[in-house]
Amino acid sequence: MTRLANVHWHHIKPNRTDDMTNVLQHIQSRNGPISTVVFDRFYAEEAYSFRIREQCPNALRILDMQDFHSLRIGRQQLVKEIDQREANKNHTNKQTKMTSELIEQVMKFDPSLYEWVEDLPQHKKAHSTFLRELASIHRSDLVLVCSNSEMKMLKQPSWNVESSKLIPASFFQMRVEQESTMSYDERCDFVSIGGFKHPPNVDSIRLLRRIWPRIRSLLPDARMHVYGAYPTNEIRSMHDERLGFYVHGHVEDIKEALLQRRVLLAPLRFGAGIKGKIIDSWCYGLPVVTTPIGAEGMMMTDTLAFNENDWGGCVVSNEDEFVKAAVDLYTTKDLWECSQSKGIELLNALFNKEQNLQLIDDALDDAKMNMRQRRKRDVTGQLLWHQINHSTEYFSKWIELKEA
């Protein structure tokens, strides 16, 4: 497959048939028939795939999941439910806490099976998102899946997803050599990174701010540096120089922020997909303390039993373990060096650019060559394209007529 060097942008509002038709005709008049279309997340597929199918029936339709949205949203609602349950039980205000029981429940969450305690609108939204996302997966010819953990979930028999359409597509990193990073003695302080429009990051900083005084009491000279775009007033108010807790907000060069620090802290209680903050940390030789949610899909096996010698840092499930791991990794040079080495090893093994791009290239070539047979074999996909199931198509056309 030939990769095109040039990229052209065309802005099209949803629910505009003529605009979409004109752009597609323009592209094909200049470049020939469109062979492949990629939808960025399931809601883009919902909005545009039926138009692509109508105008370019022989184009391969690819869904890029980014992460499993309904898994992340469902886990978020589960954590909120557990927090509220604990607050009601103890007659206190709701707090951001991390316990082994909570982490275990989050890791076992299945968006198709979980039964909510209350039938609330946000719970209905979580289940509705799962059905929409799964339908989008079935309608697509290929699906780019972010992590092996999510790949395993999508392959469960009851969901009836064709295995041949699921393609691993996590990160595409250049090889990193340990010698190119800074050493233990050249670094100091802790760091956290992540944009604050992403709910898992906001939640993790709330938790980190609450347990930071425990770490600081054991390491009185250490400082905590928090970087991330779009910090809310709540996040900015956490800045406290007396406690060594610095909220910097957006940073232009993440390399400088990570190269100088000794340990990245990521106490994630919910989320999905591969965590970019951990990829970035390993790229710059920075070991990580996180949870099983943070480390999900970033190991050589599917086991949840982590060993410090098998991962690029420490993976823990409760606050006491998190504090201890942060202090141990910060102060124990041998452990830190072992973690740095393992992080770089995992980065090069799991997220190698050439290796992972080749998997996608091979899948694209096979799908294009056997498109007709694959679509015929995909009975569930055919069912969802049947006219009585075209809810998003007809809703879009109704909006277009209403706005005309």
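Every value quoted in this text rests on a predicted model; they were computed, and no experiment measured them.

Caption draft 1: Up close: the state of the cysteines. In total, this model carries zero disulfides according to the counting rule given. The closest cysteine sulfur to the non-disulfide-bonded Cys 188 is located on Cys 314, 19 Å from its own sulfur. Judged by relative accessible area, which is 33%, Cys 188 ranks as partly exposed. No disulfide involves Cys 283; its sulfur sits 15 Å from that of Cys 146, the nearest cysteine. Take Cys 283: its relative accessible area is 15%, and that puts it in the buried class.

Caption draft 2: Looking closely at the sheet that holds strand β8 (residues 263-266). Strand order in the open sheet formed by six strands is β7-β6-β5-β8-β9-β10, with parallel pairing between adjacent strands. One side of each edge strand has no neighbouring strand; the edge strands of this open sheet are β7 (245-249) and β10 (313-315). Taking the axes of each pair of neighbouring strands and ignoring which way they run, one obtains an average angle of 20° across the sheet. Sheet analysis places strand β5 (residues 190-193) next to strand β6 (residues 224-227), joined by four bridges and oriented parallel. Note on β6: the bridge partner recorded for Val 191 is His 225. Docked against the sheet, helix α10 (residues 276-283) engages β5, β8 and β9 (288-290), running at close to 160° with respect to β9.

Reading guide: rules and limits
Residues numbered from 1 in each chain as written. Predicted model: local features only at pLDDT ≥ 70, side-chain atom pairs only at ≥ 80, totals over all residues. Heavy atoms only, no water. Disulfide = S-S within 2.5 Å. Buried < 20%, exposed > 50% of the residue type's maximum accessible area, 1.4 Å probe, protein only. Pairing = 2+ DSSP bridges. Helix = DSSP H or I, 4+ residues; strand = E, 2+ residues; numbered from the N terminus. Axes fitted to C-alpha atoms, helices over the stretch in contact; angles between N-to-C directions. Contact = heavy atoms within 4.5 Å.

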